[in-house]
Amino acid sequence: MRVLLPDLPEFRALSEHDEGGVPGVTFDHYSRTHVPDGPADGVVLWLVGGDTRTRLLRTPGLKWVLTLTAGIEHVQGHLPPEVALFNASRLHDRAVAVHALSGMLAAARGLHRFRDAQARAHWDAPALPGHSALTTLDDRHVVLWGYGHIGRHLEDLLRPLGAHVHGIRSATPSAERDELLAQADWVVLLLPSTPDTRGIVGAPVLAHLKRGAWLVNVGRGNLIDTGALVDALTDGHLGGAVLDVTDPEPLPGPHPLWHLPNVILTPHVASTTTDLVPRGAQLTRDFLIDLQQGHEPEGRVTPGRPY
Ligand code: GLV
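Please read all numbers here as calculations on a predicted model, not as lab measurements.

Rules behind the numbers
Residues numbered from 1 in each chain as written. Predicted model: local features only at pLDDT ≥ 70, side-chain atom pairs only at ≥ 80, totals over all residues. Heavy atoms only, no water. Near = heavy atom within 4 Å. Polar contact = N/O pair within 3.5 Å; in protein donor to acceptor, adjacent residues only side chain to side chain. Areas by Shrake-Rupley, 256 points an atom, 1.4 Å probe, with all protein chains shown as cover. Nonpolar A, V, L, I, M, F, W, Y, C, P; charged D, E, K, R; others polar. 1 Å grid on protein atoms, 1.4 Å probe; cavity = no way out; pocket = protein on both sides within 12 Å on 5 of 7 lines; lining within 4 Å. Points joined across faces, edges and corners; volume = space filled by probe spheres on them. Pairing = 2+ DSSP bridges. Helix = DSSP H or I, 4+ residues; strand = E, 2+ residues; numbered from the N terminus. Axes fitted to C-alpha atoms, helices over the stretch in contact; angles between N-to-C directions. Contact = heavy atoms within 4.5 Å. Salt bridge = Lys/Arg side-chain N within 4 Å of Asp/Glu carboxyl O. Buried < 20%, exposed > 50% of the residue type's maximum accessible area, 1.4 Å probe, protein only. Expected span 1.5 Å × (residues − 1). Patch = residues over 30% accessible without salt bridge, like charges linked within 9 Å, V, L, I, M, F, W, Y side chains within 5 Å. Lys, Arg positive; Asp, Glu negative; His and termini not counted. Charge placed at Lys NZ, Arg CZ, Asp CG, Glu CD. Domains from an automatic or database assignment. Buried area = accessible area lost by both parts, 1.4 Å probe.

1. Section: the site of the ligand
The full set of residues close to the ligand is T69, A70, G71, H92, R220 and H268. Taking R220, its side chain carries an N or O atom lying 2.8 Å from an oxygen atom of the ligand. Here the ligand, which alone exposes 190 Å², has 85% of that area covered by the protein. By residue class, the composition of the shell around the ligand is one nonpolar, four polar and one charged.

2. Topic: empty space enclosed by the protein
Applying the stated rule across the entire model yields one cavity of 30 Å³ or more. Volume-wise, the largest cavity comes out at about 40 Å³. What lines the largest cavity is simply N217, G221, I224, T226, L229, L243, V245, T246, D247 and L257. Class assignment for the residues of the lining of the largest cavity results in five nonpolar, four polar and one charged.

3. Concerning the sheet that holds strand β9 (residues 214-217)
If you walk across this open sheet you meet the six strands as β7-β6-β8-β9-β10-β11, and the pairing is parallel. Every interior strand has two partners, whereas the edge strands, β7 (164-168) and β11 (263-265), have only one. The mean angle between the axes of side-by-side strands here comes to 15°, regardless of whether they run parallel or antiparallel. With four bridges joining them, strand β8 (residues 186-189) and β9 adopt parallel strand pairing. Within β9, the residue paired with L189 across the bridge is N217. Each of β6 (141-145), β8, β9, β10 (240-243) and β11 is contacted by helix α3 (residues 89-108), which is oriented at about 155° to β8, the strand it contacts most. Helix-sheet contacts for helix α6 (residues 174-183) involve β6, β7 and β8, and the interaxial angle to β7 is about 145°.

4. Re the sheet that holds strand β3 (residues 42-45)
Adjacent strands of a sheet form backbone hydrogen bonds with each other and so pair up, either parallel or antiparallel. Strand order across the open sheet formed by six strands is β2-β1-β3-β4-β5-β12, with mixed pairing between neighbours. Each end of this open sheet is capped by a strand with a single partner; those strands are β2 (26-30) and β12 (300-302). Going across the sheet, the axis of each strand differs from the next one's by a mean of 25°, ignoring polarity. Two strands pair when backbone bridges link them, and strand β1 (residues 2-6) and β2 are joined in this way by five bridges, in the parallel orientation. In the strand pairing of β2, L5 is matched with H29. Each of β1, β2, β3 and β4 (64-67) is contacted by helix α2 (residues 50-57), which is oriented at about 155° to β3, the strand it contacts most. Packing of helix α9 (residues 276-292) onto the sheet brings it into contact with β1, β2, β3, β4 and β5 (84-86), and relative to β4 it is tilted by some 155°.

5. Comments concerning the environment of V75
One can find V75 in the loop between β4 and β5. Sequence separation between V75 and T54 is 21 residues, and the spatial gap between their C-alpha atoms is 9.0 Å. With residues near it in sequence (within four places) discarded, V75 still touches L45, L57, V65, T67 and L85.

6. As for the pattern of salt bridges
Counting across every chain of the model gives 10 salt bridges. Ionic pairing is found between E73 and R220, a salt bridge with its closest N-O pair at 2.6 Å. Here E73 is found in the loop between β4 and β5, whereas its partner R220 is found in the loop between β9 and α8 (226-234), with 147 residues between them in sequence. Residues D178 and R177 are paired through a salt bridge, measuring 3.5 Å at the closest nitrogen-oxygen approach. Taking relative accessible area as the criterion, D178 reaches 29% and is therefore assigned partly exposed. With relative accessibility at 23%, the residue R177 sits in the partly exposed group.

7. Regarding α9
Counted at 1.5 Å a residue, the expected span for α9 with its 17 residues is 24 Å, and the 24 Å between its end C-alpha atoms agrees. Backbone geometry just after α9 places G294 at a positive phi near 80°.

8. A few points about a negative patch on the surface
Together, D225, D231, D235, D247 and E249 make up a region of like negative charge exposed at the surface. Within the fold, D247 resides in the loop between β10 and β11. The class for D247 is partly exposed, based on a relative accessible area of 35%.

9. As for the domain arrangement of the chain
Domain parsing of the chain yields domain 1 (2-90 + 273-292) and domain 2 (92-265). For domain 1 and domain 2, the distance between their C-alpha centroids amounts to 33 Å. Opposite the 10 residues of domain 1 that make contact, domain 2 presents six residues. A combined buried area of about 700 Å² lies between domain 1 and domain 2, and 52% of that area is made up of carbon and sulfur atoms. Looking at the side of domain 1 facing domain 2, the largest losses of area belong to E73, S89 and R90, adding up to 54% of the total buried there. The interface formed by domain 1 and domain 2 includes one salt bridge. Across the domain 1-domain 2 interface, the total number found is five residue pairs in polar contact (both at pLDDT 80 or more). Split into classes, the residues belonging to the side of domain 1 that touches domain 2 amount to four nonpolar, four polar and two charged.

Given below as structure tokens:
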């Protein structure tokens, strides 16, 4: 089996004998500037975009693609039906859940406002959160919109903090979904970007949320209608937003989201950890061993014939 991997030391180590290699697998490595020629059985896709990705997905003889991301929108729809697609949610779920929780706790304790005041070297009373704005998550209703691996991790983190956690799945009837959203103190978006979810949080959904609710987005920026979000944040309907992803992404310099005091922005880093690349290489090795032993690897998202 010939497999194309990212050209990173951790992935090169997979083929070294002292690491044990993976019996029956030969590796070739691609980078932003080099895509190996010839047929391959599989591609492990990571950290490349644009033309390189398009060329990799057109590799002759391809049976499967493993994307080491949780999201699959950059691959799905670009593969012939006989090519199986796998993702790597488990590489990311813990960090994304921790990131979402960190944003919520920072917001609940007003840390973003104190940090803004700190930058002015003055506890500038009018700009600081009032005592009534400093909360905990006790008895707060948290709605996880998208309830898969990440949602379950986040739920496990939230329950000991006293939050009431509710999950919305694609199968949740719309009346039940609307009822949950209307009572939420926090709505956490964990959805993938698909034709059905793009723009799902538009002006009507935002208006339906309780006044003062906070929105957290660690899914994809285009789940939200950004103009409607800015309006809801500016007119005070929403309490605030924690956004790891935005639309557009990256945000252009003059964008209003940079300047709203009730917004906490991070640059799409929710899943980043110092050991992400070695963990990605280890997941790849486990995946290849499963394939070689005739087991179905974790993370299958579309049918196709991987073996
Ligand atoms: C990151 O956003 C991912 O999809 O893994």
